[in-house]
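# Tertiary structure, described
Residues per chain are reported as follows:
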Amino acid sequence: MSSTPALSLKFVSYPASAEPGEITAAQELAKFTGARVAVGPISGAVVNVSLASRGVPAKLPSKAKDASAWTWIRIGEDGSGEIVATHGAFLFAAARLLATGTSDFTREKLAAGLYLPATFSFHRPLFDGCLTQYWRSARNFDPARYLASLAEAGFTHCEVNGLQAHMPMEDFVAFEYYPQFYTYVPGFNHFVDTELTKGTWPAHYLDANLNNLVKLANLGRTYGLKPGVCMFEPRTLPERFFTKYPTLRGARVDHPFRSRLPRYTMAQDHPITMRHYREALQKIMRSVPDLSYMSVWTNDSGSGFEHTSSLYVGRNGGPYMIREWRNHDKIAQAAGESILRYLKNLQGAAAQINPDFDVILRLEPFKVEQDHIKSGMGKHITWEAPSLTVRGYHVPYSHPRYPENQAVAGSIFHTTMDQANERAALAATRELGAEPVLTYAATGVQNHEPLLGLPFPRSIHQKLLAVRETGITRTSAMGGLANSPQAPYWPNSIAIRAAQFFPEKPIEDVLTDYATSLVGSAHATDLSNAWKTFEEALMWQPLVPLFGSMGFVWQRTWDRPIVPDLEAVPAAEREYYERHGCFQNNNPGLVDLGKDVLFDLVTQQSGTKMAADMDQHVIARLRPLIEQIDQLAKSTHGEASVVFTDLRDRVRAYLHWVTSLRTVCSWCENVYGYIGAKTDAEKATFEKNLQASIDLELTNTRGLIELLETTKSEVLVLSGIGETTFLYGENLVDHLKTKLRLTEKYRHHKPRIDADIYWRAIPGTEWPKGWSASAAPVK
């Protein structure tokens with residue numbers, strides 16, 4: 001198999017009025033070819049790097065004229081040629097393709113010119129875990145290297161609205177967790193104020209966040225990435241604002257369990273509110289005039305539209321939209337039409353600065369309002385979802401191994417597309433003049449948090465080719481690429497790049513090329529097969545509600561002791577993990593691993609099955625794979641040994657993760673079984689099985705500690721500042737050692753769950769003397 005020939009160039013040029021992405025791409029090309037960089041265009045033995053908007057090459061195929069996204073690479077034997085692309089990021093990707101080598105880039109093909117049509121003209125990270133969202137305090141995260149990795153993988157845009165601090169500034173009261181949810185997808189009020197909201201937040205806080213947004217936009221432009229924002233809006237304002245302007249009070253959007261304060265948005269149809277939003281967006285865009293899009297997330301985490309059916313506390317809102325005694329259909333129509341007005345208000349304001357600005361609505365929350373919203377969309381107002389057939393949060397995709405495991409759309413387990421129904425939904429949206437965006441998963445963000453760099457390249461490639469076959473041209477990777485520079489041998493981004501630029505090339509050839517570049521031809525098959533074997537195990541993992549996403553850290557799955565009665569551990573000794581868990585004092589998740597607020601996450605039946613499935617199909621595959629990779633690490637030398645060692649440690653991290661997930665399921669199976677048992681013999685069986693699971697978890701935790709204390713790889717994301725609800729800190733090993741001690745000490749208590757936890761008084765208070773929430777009601 002041939003590879004890209006070593007290039008030696010004399011000159012590389014970029015235009016006199018070059019954009020930052022053109023300059024960076026030219027400099028990158030010069031770096032590995034030994035060329036001098038010049039300002040052009042110039043003639044002779046020079047490779048000119050430029051955007052297609054400046055003019056297309058004479059030899060460009062005619063079919064490119066009708067294409068919206070492509071790259072052209074031509075480098076003759078004499079060192080002359082050009083790299084031209086429709087997107088600035090594609091220029092950098094082209095330079096990196098030439099630098100890293102691919103079997104497709106022969107001298108003959110380069111001399112004739114390579115035309116690479118892009119599969120996706122709009123390809124962005126969404127909810128970018130480390131750059132802008134709740135992982136942004138990740139240790140050893142380098143934003144510049146990360147943004148370069150996005151461009152190299154074929155992304156076109158980047159998300160830039162991340163807070164400068166690792167937690168937001170929000171009004172709060174004791175013993176509530178709701179303000180922490182403002183740390184991700186931050187809205188306008190964390191970056192700018194208007195004359196209406198001036199003084200609501202300190203100027204130094206707003207300026208720091210806006211400055212960070214501008215810096216990320218500038219950094220993204222360096223690699224040709226267009227900046228955009230993803231915001232939870234309409235977002236709440238503090239009660240002191242509504243004390244001043246009571247007629248602007250809109251929807252109540254706080255969570256009944258997680259909040260201790262009522263929280264409200266502004267009445268979205270009020271002309272004063274509409275002006276506020278126009279001016280807030282334009283204020284941001286005066287700092288970032290080329291801001292490309294705004295993704296509107298809503299009806300969650302401190303945001304919501306008035307009178308929509310999916311608000312936490314039910315339909316509600318201000319007085320300007322719905323008069324009394326309307327039926328549900330009329331309310332849904334009014335709410336949907338109001339949402340459209342909100343989106344159009346934003347787009348109209350942005351278009352005064354950037355006429356091509358897009359407003360994109362996350363559609364899942366709007367089951368009953370959806371048709372009214374979509375009917376008014378068009379060229380620059382559209383929607384996004386993990387499936388174009390979405391109706392509320394239900395989508396017709398089940399786990400590929402477990403049909404009973406529902407709602408996997410957008411996760412790593414969603415690898416196919418229902419072509420007939422997806423195409424029909426796409427056609428219907430395009431009839432409105434809108435182009436929808438489909439989201440997919442590329443990393444552990446909201447899949448197997450907080451793990452980093454797990455390989456599942458074949459699944460990603462399969463999914464993206466299925467999206468391509470559907471005809472969808474706009475995609476977004478949920479979570480972005482996480483801390484990809486700290487996973488230097490990770491094949492997922494290579495699979496994404498291949499689907500973008502070489503969709504016809506078999507993924508096995510892509511991975512063989514990449515494995516060869518890492519460990520040499522002698523061991524390339526071993527490495528590629530190891531990725532494959534791991535991926536097969538991963539795809540057998542059941543999707544455990546909440547725990548299989550951000551809830552693994554929320555619920556302190558790794559660091560809380562696993563004992564039959566969680567409250568047998570004294571409160572003072574539990575404080576180390578409860579202080580950052582998503583536990584309210586009356587949340588059953590505090591004492592019951594299978595529940596969170598009013599959700600039943602794991603039942604005895606589902607826990608029994610999922611624990612057995614993980615034993616049989618996941619853990620049983622992982623143990624021999626780790627031994628195999630370990631042998632490869634020990635039998636190879638140099639870089640190959642480093643690559644195999646890195647993979648071994650990442651697979652080990654996943655083994656410890658999935659074993660703890662299995663422990664959660666087994667705990668539910670046996671604690672629930674014990675509590676519901678009819679006989680002493682049944683109780684004894686459940687106790688015995690639970691103790692066996694505790695033994696397994698103790699061994700698993702010791703193995704995790706050993707891994708974290710010895711590995712040279714960043715196998716999981718840890719905060720370099722301090723732990724939060726969403727992210728473990730660098731004190732994780734200390735917490736794990738505390739877990740071991742407490743588990744051993746309290747493991748032999750009888751299984752117990754306080755059934756009355758819902759009715760507890762807030763810490764520091766108590767019900768009147770003699771009153772009891774559990775007392776029998778008066779007849």
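Summarised in this report is the structure supplied together with it.

Parameters and conventions
Residues numbered from 1 in each chain as written. Predicted model: local features only at pLDDT ≥ 70, side-chain atom pairs only at ≥ 80, totals over all residues. Heavy atoms only, no water. Helix = DSSP H or I, 4+ residues; strand = E, 2+ residues; numbered from the N terminus. Rg over C-alpha atoms; globule rule 2.2 N^0.38 Å. Buried < 20%, exposed > 50% of the residue type's maximum accessible area, 1.4 Å probe, protein only. Contact = heavy atoms within 4.5 Å. Areas by Shrake-Rupley, 256 points an atom, 1.4 Å probe, with all protein chains shown as cover. Pairing = 2+ DSSP bridges. Axes fitted to C-alpha atoms, helices over the stretch in contact; angles between N-to-C directions. Parallel < 35°, antiparallel > 145°, perpendicular 65-115°, else oblique. Left-handed = near helix turned anticlockwise from the far one by under 90°. Nonpolar A, V, L, I, M, F, W, Y, C, P; charged D, E, K, R; others polar. Expected span 1.5 Å × (residues − 1). Polar contact = N/O pair within 3.5 Å; in protein donor to acceptor, adjacent residues only side chain to side chain. Phe/Tyr/Trp six-rings, centres within 6.5 Å; stacked < 30°, edge-to-face > 60°. Lys NZ or Arg CZ within 6 Å of the ring centre and 35° of its normal. Salt bridge = Lys/Arg side-chain N within 4 Å of Asp/Glu carboxyl O. Right-handed = clockwise from strand over helix to strand, strands pointing away.

## Digging into the overall build of the protein
- Secondary structure summary: the protein contains 20 helices and 18 strands in total.
- In terms of C-alpha radius of gyration, the protein reaches 27 Å, essentially the compact-globule figure of 28 Å for 779 residues.
- The principal-axis extents of the C-alpha atoms in the protein amount to approximately 95 × 70 × 50 Å.
- Counting only residues that meet the buried cut, the protein has 63% of its 779 residues in that class.
- In the protein, of all internal contacts separated by at least 6 residues, the share reaching a separation of at least 24 is 77%.
- In the form shown here, the protein has an accessible surface area of approximately 29,400 Å², with 53% of it arising from carbon and sulfur atoms.

## Brief notes about the side chain of T429
- Looking at the secondary structure, you find T429 in helix α10 (residues 419-431).
- Apart from the residues lying within four places of it in its own chain, the contact partners of T429 are K374, W383, A434 and P436.

## Things to note about the sheet that holds strand β6 (residues 114-117)
- Strand order across the open sheet formed by six strands is β2-β1-β3-β5-β4-β6, with mixed pairing between neighbours. Of all the strands in the sheet, just β2 (36-40) and β6 have a single pairing partner and so form its edges. Sheet twist, expressed as the mean angle between neighbouring strand axes with direction ignored, is 20°.
- In this structure, strand β1 (residues 11-15) lies alongside strand β3 (residues 46-51), joined through three bridges in parallel fashion. For F11, the partnering residue across the bridge sits in β3 and is V46.

## Considering the side chain of D269
- Note on placement: D269 falls in the loop between β11 (264-266) and α7 (271-287).
- When its relative accessible area of 16% is taken as the criterion, D269 is described as buried.
- Ignoring sequence-local partners within four residues, the contact set of D269 consists of M274, E306, M321, S338 and R341.

## Examining the packing of α7 against helix α8 (residues 328-351)
- The N-to-C vectors of α7 and α8 enclose an angle of 40°; their axes lie 9 Å apart at closest approach. Relative to α8, α7 is oriented oblique. Judged by the twist between their axes, the crossing of α7 over α8 is right-handed. Each of M274, Y277, R278, L281, Q282 and M285 in α7 lies in contact with α8, whose residues at this interface are R341, Y342, N345, L346, A349 and A350.
- Its residues assigned to classes, the contact of α7 with α8 comprises eight nonpolar, two polar and two charged.

## Quick look at helix α4 (residues 143-153)
- For α4, every residue scored as buried is listed here: Y146, L147, A148, S149, L150, A151 and A153.
- Taken together, the buried residues of α4 touch α2 (88-100), β7 (122-126), β8 (157-159), α5 (203-222) and α12 (492-501).
- Positive phi appears at G154, one or two residues downstream of α4, with a value of about 100°.

## What to know about α8
- Given a rise of 1.5 Å per residue, 24 residues ought to cover 34 Å, and the 34 Å separating the end C-alpha atoms of α8 matches this to within 8%.
- Where α8 starts, the residue carrying a side-chain oxygen 3.1 Å from the main-chain nitrogen of D329 turns out to be N327.

## What about the environment of R458?
- Within the secondary structure, R458 is located in helix α11 (residues 457-470).
- Judged by its relative accessible area of 12%, R458 is buried.
- Along the chain, R458 and V288 lie 170 residues apart, while their C-alpha atoms are 37 Å from each other.
- Of the polar contacts made by the side chain of R458, one reaches the side chain of S528; its length is 2.9 Å.

## Some points on the sheet that holds β8
- The eight strands lie next to each other as β7-β16-β15-β14-β13-β12-β9-β8, forming an open sheet whose pairing is parallel. Among the strands making up the open sheet, the edge pair consists of β7 and β8. Across this sheet, the average inter-strand angle for adjacent strands is 25°, counted without regard to direction.
- The sheet contact formed by strand β12 (residues 293-297) and strand β13 (residues 358-362) spans four bridges and is parallel. Within β13, the residue paired with Y293 across the bridge is D358.

## Looking at the packing of aromatic side chains
- As enumerated under the stated definition, the model contains 39 aromatic pairs in all.
- Aromatic side chains F92 and Y223 sit 5.2 Å apart centroid to centroid with 80° between the ring planes, which places their arrangement in the edge-to-face category. With F92 in helix α2 and Y223 in the loop between α5 and β9 (226-232), this residue pair connects regions lying 131 residues apart in the sequence.
- The interplanar angle of 5° and the centroid separation of 5.6 Å between the aromatic rings of F127 and W297 together place this pair among those described as stacked. Of this pair, F127 sits in the loop between β7 and α4 while W297 sits in strand β12, and the two are 170 residues apart along the sequence.
- Residue class for W297 comes out buried when judged on its relative accessible area of 3%.
- Three or more aromatic residues joined by ring pairs make a cluster, and in this case those are F127, Y134, Y178, F181, Y182, Y184, F232, W297, W554 and F726.
- The cationic tip of R401 hangs over the ring face of W540; the distance from NZ or CZ to the ring centre is 5.1 Å.
- Residue placement shows K683 over the ring face of Y674; its charged tip is 5.3 Å from the ring centre.

## Some details on the pattern of salt bridges
- Counting across every chain of the model gives 53 salt bridges.
- Put simply, R752 and D565 hold a salt bridge, and the shortest N to O gap is 3.4 Å. Of this pair, R752 sits in the segment after α20 (732-746) while D565 sits in the loop between α15 (551-554) and α16 (571-578), placing them 187 residues apart in sequence.
- Under the relative-accessibility criterion, R752 is labelled partly exposed at 37%.
- Judged by relative accessible area, which is 9%, D565 ranks as buried.

## Notes on the pairing of β12
- Of all five residues making up β12, five are buried, and the element is well covered by its neighbours.
- Burial of β12 is two-sided: the residues Y293, S295 and W297 facing one way and the residues M294 and V296 facing the other way are all buried.
- As for the winding sense of the linkage, the β-α-β connection from β12 through α8 to β13 is right-handed.

## A word on unusual backbone geometry
- In this chain, E233 is followed by P234 through a cis amide linkage whose omega measures -10°.
- The topology assignment puts P234 in the loop between β9 and α6 (239-244).
- Here the amide bond leading from E449 into P450 is cis, since omega sits at 5°, within 30 degrees of zero.
- When you line up the elements, P450 lands in the loop between β15 (437-441) and α11.
- For F127, which is not a glycine, the phi torsion comes out positive at approximately 55°.
- One non-glycine residue, A482, lies in the positive phi region at around 55°.
- By secondary structure assignment, the location of A482 is in the loop between β16 (474-478) and α12.
- Residue classification places A482 among the buried residues on the basis of a relative accessible area of 3%.

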